[in-house]
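Descriptive analysis of the structure
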Amino acid sequence: LAKERREFQDEHEEYKKLLRESNAKLEQMEGRMQSTVKRFENELGQSQQREERALRKADDRVAQTMAVLDERNDEISHLKEMIRVMESKVNEHEEGVEEAE
């Protein structure tokens, strides 16, 4: 009976040891997992910040381009008006020359 009791205690101790080792490995794995999750979260946050900066830059470039296009449109309208005025003056001059002849 004492021998069986000793064997039982030895088995019990072995199971306790295995349980401690398993728990230690589990804690290690959880630590690695948390570290990996934190790293991915950080990388995701950085990636989102880069994308947001890129979008803001693109928006700024679009706004600048639109401003330049508006200026060019104004210049083109002004030049077209100048051409109309010049054509009108040329026509008036030609009519005056024809009348003088």
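In this report, we go over the structure that sits alongside the text. The structure presented is a predicted model; accordingly, all values stated were derived computationally and were not measured.

Side note on the packing of aromatic side chains
- All told, the structure shown has zero aromatic pairs when counted by the stated rule.
- Sitting over the ring of Phe 40, Arg 39 keeps its end group 4.9 Å from the ring centre.

Describing a negative patch on the surface
- Together, Glu 92, Glu 94, Glu 95, Glu 98, Glu 99 and Glu 101 make up a negatively charged patch on the protein surface.
- Mapped onto the secondary structure, Glu 94 falls in helix H1 (residues 2–100).

Regarding a positive patch on the surface
- A cluster of like positive charges, contributed by Arg 50, Arg 53, Arg 56, Lys 57 and Arg 61, occupies part of the molecular surface.
- Relative to the helices and strands, Arg 56 is located in helix H1.
- Relative accessible area serves as the criterion here: at 47%, Arg 56 is assigned to the partly exposed category.

Details of the pattern of salt bridges
- Inspection of the entire model under this criterion finds five salt bridges.
- A salt bridge links Glu 81 to Arg 84; the nearest nitrogen and oxygen atoms lie 3.2 Å apart. Taken together, the residues span about one helical turn, with Glu 81 and Arg 84 both in helix H1 at a distance of three residues.
- Given the relative accessible area of 40%, Glu 81 is considered partly exposed.

What to know about a nonpolar patch on the surface
- A cluster of nonpolar residues, Val 62, Met 66 and Leu 69, forms a patch on the protein surface that exposes about 270 Å² of accessible area.
- With respect to the element layout, Leu 69 can be found in helix H1.
- The class for Leu 69 is partly exposed, based on a relative accessible area of 42%.

What counts and how
Residues numbered from 1 in each chain as written. Predicted model: local features only at pLDDT ≥ 70, side-chain atom pairs only at ≥ 80, totals over all residues. Heavy atoms only, no water. Phe/Tyr/Trp six-rings, centres within 6.5 Å; stacked < 30°, edge-to-face > 60°. Lys NZ or Arg CZ within 6 Å of the ring centre and 35° of its normal. Patch = residues over 30% accessible without salt bridge, like charges linked within 9 Å, V, L, I, M, F, W, Y side chains within 5 Å. Areas by Shrake-Rupley, 256 points an atom, 1.4 Å probe, with all protein chains shown as cover. Salt bridge = Lys/Arg side-chain N within 4 Å of Asp/Glu carboxyl O. Lys, Arg positive; Asp, Glu negative; His and termini not counted. Charge placed at Lys NZ, Arg CZ, Asp CG, Glu CD. Helix = DSSP H or I, 4+ residues; strand = E, 2+ residues; numbered from the N terminus. Buried < 20%, exposed > 50% of the residue type's maximum accessible area, 1.4 Å probe, protein only.

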